[in-house]
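Chains, contacts and geometry: an overview
The residues making up each chain are set out below.
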Amino acid sequence: MSEIQVASRYAKALIDLAAEQNIVEPVKKDIELFIDTCKANAELQAILKNPIISLDKKANILDAIFGDKLNKMILEFFKIAIRKGRADVLLASAKEYVNQYNVLKNVVKATVTSSSALSKENISQIEAVVKEATKGEVILTSHVDPALIGGFILKVGDRQFDTSLSGKLNKLKKEFQQN
């Protein structure tokens, strides 16, 4: 079974358990702390993925780092995963928990890339359009790429809307090449 499938199943079990205990929001915050800590600490990721390090040692390390920071239910869940030999998918499971939380709460992540920095008013307008289209809460991140020449590229989920000049020029170039 692939890592993504395992992570998805573990995340589903965790979100179901959190929903049962009515602590989905606090668990999400704790999971985000775990993700941020792992991203900032490559050694922790290496320890979790290393098959040579004993399962007990991995559980003790997580307990030492997160013992007083995370909900006890999360720590116990992580320890179960470690005992099953799945410490290597804890980070992927945590990320998948956030994804499943976003689906559950109808939170949509969108990215807008423009040739120059967008004003707060432009960002608000884009957020409003995406919110209207998706009927959900929008988390919009903005990037600048001068290579776009003008316009912007908006990515919402797996959809992409390209209104950039470079995109139009590339499309025109392809049309000329086909003819």
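Preceding this paragraph is the structure being described.
We now turn to the structure provided with this report. Model, not experiment: these values are computed from the prediction.

**Let's talk about the overall build of the protein chain**
- Looking only at helices and strands, the protein chain has eight helices and four strands in total.
- Each helix and strand of the protein chain, placed in order from N terminus to C terminus, yields the pattern α-α-α-α-α-α-β-α-β-β-β-α.
- By the compact-globule yardstick of 16 Å for 179 residues, the protein chain is too spread out, its C-alpha radius of gyration being 21 Å.
- With the C-alpha coordinates aligned to their principal axes, the bounding extent of the protein chain is approximately 65 × 35 × 30 Å.
- For the protein chain, the proportion of its 179 residues judged to be buried stands at 35%.
- In the protein chain, once contacts between residues fewer than 6 apart in sequence are set aside, the share between residues at least 24 apart is 67%.

**As for the pairing of strand β1 (residues 107-114)**
- In terms of residue burial, β1 counts as a mostly covered element, since six of its eight residues are buried.
- Relative to strand β2 (residues 137-144), β1 is paired through eight bridges, and the arrangement is parallel. Note that in β2 the partner of Thr-111 across the bridge is Thr-141.
- After leaving β1, the chain enters helix α7 (residues 120-134) and then returns to the sheet as β2, a path that is right-handed.
- Bridging between β1 and strand β3 (residues 152-156) involves five bridges; their strand directions are antiparallel. Within β3, the position partnered with Ser-114 by the bridge is Phe-152.

**Observations regarding the side chain of Ser-166**
- For Ser-166, the location among the structural elements is in helix α8 (residues 165-178).
- Under the relative-accessibility criterion, Ser-166 is labelled buried at 15%.
- Non-local contacts of Ser-166, meaning those with residues more than four positions away in its chain, are made with Ala-147, Leu-148 and Ile-149.

**Section: the packing of aromatic side chains**
- The final tally for this structure, using the stated rule, is three aromatic pairs.
- Ring geometry for Phe-34 against Phe-78: centres 4.6 Å apart, planes inclined by 45°, an arrangement best described as tilted. With Phe-34 in helix α2 (residues 24-40) and Phe-78 in helix α5 (residues 72-83), this residue pair connects regions lying 44 residues apart in the sequence.
- A residue is classified by how much of its surface remains accessible, and Phe-34, at 0% relative accessible area, is buried.
- A relative accessible area of 2% places Phe-78 in the buried class.
- An aromatic cluster is defined as three or more aromatic residues linked by ring pairs; in this entry it consists of Phe-34, Phe-66 and Phe-78.

**Considering a positive patch on the surface**
- Where like charges cluster on the molecular surface, the positive patch consists of Lys-39, Lys-49, Lys-95 and Lys-109.
- Structurally, Lys-95 is set in helix α6 (residues 90-104).
- When its relative accessible area of 37% is taken as the criterion, Lys-95 is described as partly exposed.

**Thoughts on the sheet that holds β1**
- Taken in spatial order, the four strands line up as β2-β1-β3-β4 in an open sheet, and their pairing is mixed. Single-partner strands in this sheet number two, and they are β2 and β4 (159-162). The average undirected angle you get between the axes of adjacent strands in this sheet is 15°.

**Details of a nonpolar patch on the surface**
- A cluster of nonpolar side chains, contributed by Ile-149, Leu-165, Leu-169, Leu-172 and Phe-176, occupies part of the molecular surface with about 510 Å² of accessible area.
- Assignment of secondary structure puts Leu-172 in helix α8.
- Owing to a relative accessible area of 40%, Leu-172 belongs among the partly exposed residues under this scheme.

Conventions and cut-offs
Residues numbered from 1 in each chain as written. Predicted model: local features only at pLDDT ≥ 70, side-chain atom pairs only at ≥ 80, totals over all residues. Heavy atoms only, no water. Helix = DSSP H or I, 4+ residues; strand = E, 2+ residues; numbered from the N terminus. Rg over C-alpha atoms; globule rule 2.2 N^0.38 Å. Buried < 20%, exposed > 50% of the residue type's maximum accessible area, 1.4 Å probe, protein only. Contact = heavy atoms within 4.5 Å. Pairing = 2+ DSSP bridges. Right-handed = clockwise from strand over helix to strand, strands pointing away. Phe/Tyr/Trp six-rings, centres within 6.5 Å; stacked < 30°, edge-to-face > 60°. Patch = residues over 30% accessible without salt bridge, like charges linked within 9 Å, V, L, I, M, F, W, Y side chains within 5 Å. Areas by Shrake-Rupley, 256 points an atom, 1.4 Å probe, with all protein chains shown as cover. Salt bridge = Lys/Arg side-chain N within 4 Å of Asp/Glu carboxyl O. Lys, Arg positive; Asp, Glu negative; His and termini not counted. Charge placed at Lys NZ, Arg CZ, Asp CG, Glu CD. Axes fitted to C-alpha atoms, helices over the stretch in contact; angles between N-to-C directions.

Geometric values such as these leave the question of function open.
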